[in-house]
Amino acid sequence: DVKAGLPLRGQNQWPDGMPGLREDMVAYFKALEAMCDRMLPGFAAALDMQPDTFTALFAHEAHANLRFLHYPPQDDLSENTFGAAPHTDNSFMTALARTDVPGLAVRLTSGEWFAPPIIEGTYLINLGNIMRRLSNNRFLSTPHGVINESGTDRYSIAFFYSPNPASTLECLPSCVSADNPPQYKPAVY
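S.K.: Would you mind going over the packing of aromatic side chains with me for this structure?
M.R.: Two numbers describe a pair of aromatic rings. These are the distance of the centres and the angle of the planes. Per the stated rule, a full pass over the model turns up seven aromatic pairs. An angle of 85 degrees between the planes, with centres 5.9 Å apart, marks the rings of Phe 43 and Phe 92 as edge-to-face. Remark: Phe 92 occurs in the loop between strand E2 (84-87) and strand E3 (93-98) and Phe 43 occurs in helix H1 (residues 21-46); sequence separation between them is 49 residues. The two residues Phe 43 and Phe 92 agree in class, both being buried. Aromatic pair Phe 54 and Phe 92: ring centres 5.1 Å apart, planes at 70 degrees, arrangement edge-to-face. Of this pair, Phe 54 sits in the loop between H1 and helix H2 (55-58) while Phe 92 sits in the loop between E2 and E3, placing them 38 residues apart in sequence. Pair check on accessibility: Phe 54 and Phe 92 agree, each one buried. By way of ring pairs, the aromatic residues Phe 29, Phe 43, Phe 54, Phe 58, Phe 92, Phe 139, Phe 159 and Tyr 161 are connected into one cluster.

Written out as structure tokens, the structure is:
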């Protein structure tokens, strides 16, 4: 796929001098992919759809990637200064492994910023723009950003999980009606 120049494809970058990293990260990637796969029927049920609704979108290699994120301590904490500016993820969902160093903030529908608690042994799941599109805005993508005022380096590992890039995305039948027409035209991911 990389040699063919297909969109959203690229070679993995593995740093030199870190034996075992590649094997560990590939195993971790596969575990997160399996976890997200197991969550799909629950999302389908929440949208009044059959449990296998999302199976075809994720068949034949979902578009997923794992990112190692580093946020150095911030000296400038003036208004609108972020280690990662507020944004939404262009994914179906993002699974975020977190450490005990705070900094993540999510914007609630009220506009208020909220620091989600760090719960040991859990992942934070953010819904992304793909889920917003499929659910016709019934599920919203989660605006979030990072301000690292901890005084120490902050690390996290994000797993972005999305459909196969060749999939056609269209609003689900349970999320549209005469009173709520599709807000998005069908499009190839």
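S.K.: Help me understand the layout of surface pockets, please; the structure alone is not making it clear to me.
M.R.: Over the atoms a probe the size of a water molecule is rolled, and this reveals where empty space is left. In this model, the largest pocket occupies a volume close to 1,200 Å³. Taken together, 45 residues make up the lining of the largest pocket; nearest its centre are Phe 29, Ala 64, Asn 65, Leu 66 and Arg 67. Looking at the lining of the largest pocket, the elements that each hand over two or more residues are H1, strand E1 (63-71), E2, E3, strand E7 (144-146) and strand E8 (154-162). For the lining of the largest pocket, the element with the most residues is E1, which contributes eight residues. Estimated volume of the second largest pocket: approximately 240 Å³.

S.K.: Explain the side chain of Thr 142 to me, please; I cannot follow it from the model alone.
M.R.: Structurally, Thr 142 can be placed in the loop between helix H3 (129-134) and E7. Setting aside chain neighbours within four positions, we find Thr 142 in contact with His 87, Thr 88, Val 106, Asn 126 and Leu 127.

S.K.: Whenever I open this one, the sheet that holds strand E6 (residues 124-127) confuses me. Can you help?
M.R.: What holds strands together in a sheet is hydrogen bonding between their backbones, with the strands either parallel or antiparallel. Read from one edge to the other, the open sheet built from four strands follows the order E1-E8-E3-E6, with strand pairing classed as antiparallel. With partners counted over all chains shown, the strands left at the sheet margins are E1 and E6, one partner each. The average angle at which neighbouring strand axes cross in this sheet is 20 degrees, direction not considered. As judged from the six bridges shared by E3 and E8, these two strands associate in the antiparallel manner. Among the inter-strand pairings, Arg 98 is bridged to a residue of E8, identified as Ser 156. Relative to E8, H1 is tilted by about 55 degrees, and along the sheet it contacts E1, E3, E6 and E8.

What counts and how
Residues numbered from 1 in each chain as written. Predicted model: local features only at pLDDT ≥ 70, side-chain atom pairs only at ≥ 80, totals over all residues. Heavy atoms only, no water. Phe/Tyr/Trp six-rings, centres within 6.5 Å; stacked < 30°, edge-to-face > 60°. Helix = DSSP H or I, 4+ residues; strand = E, 2+ residues; numbered from the N terminus. Buried < 20%, exposed > 50% of the residue type's maximum accessible area, 1.4 Å probe, protein only. 1 Å grid on protein atoms, 1.4 Å probe; cavity = no way out; pocket = protein on both sides within 12 Å on 5 of 7 lines; lining within 4 Å. Points joined across faces, edges and corners; volume = space filled by probe spheres on them. Contact = heavy atoms within 4.5 Å. Pairing = 2+ DSSP bridges. Axes fitted to C-alpha atoms, helices over the stretch in contact; angles between N-to-C directions.

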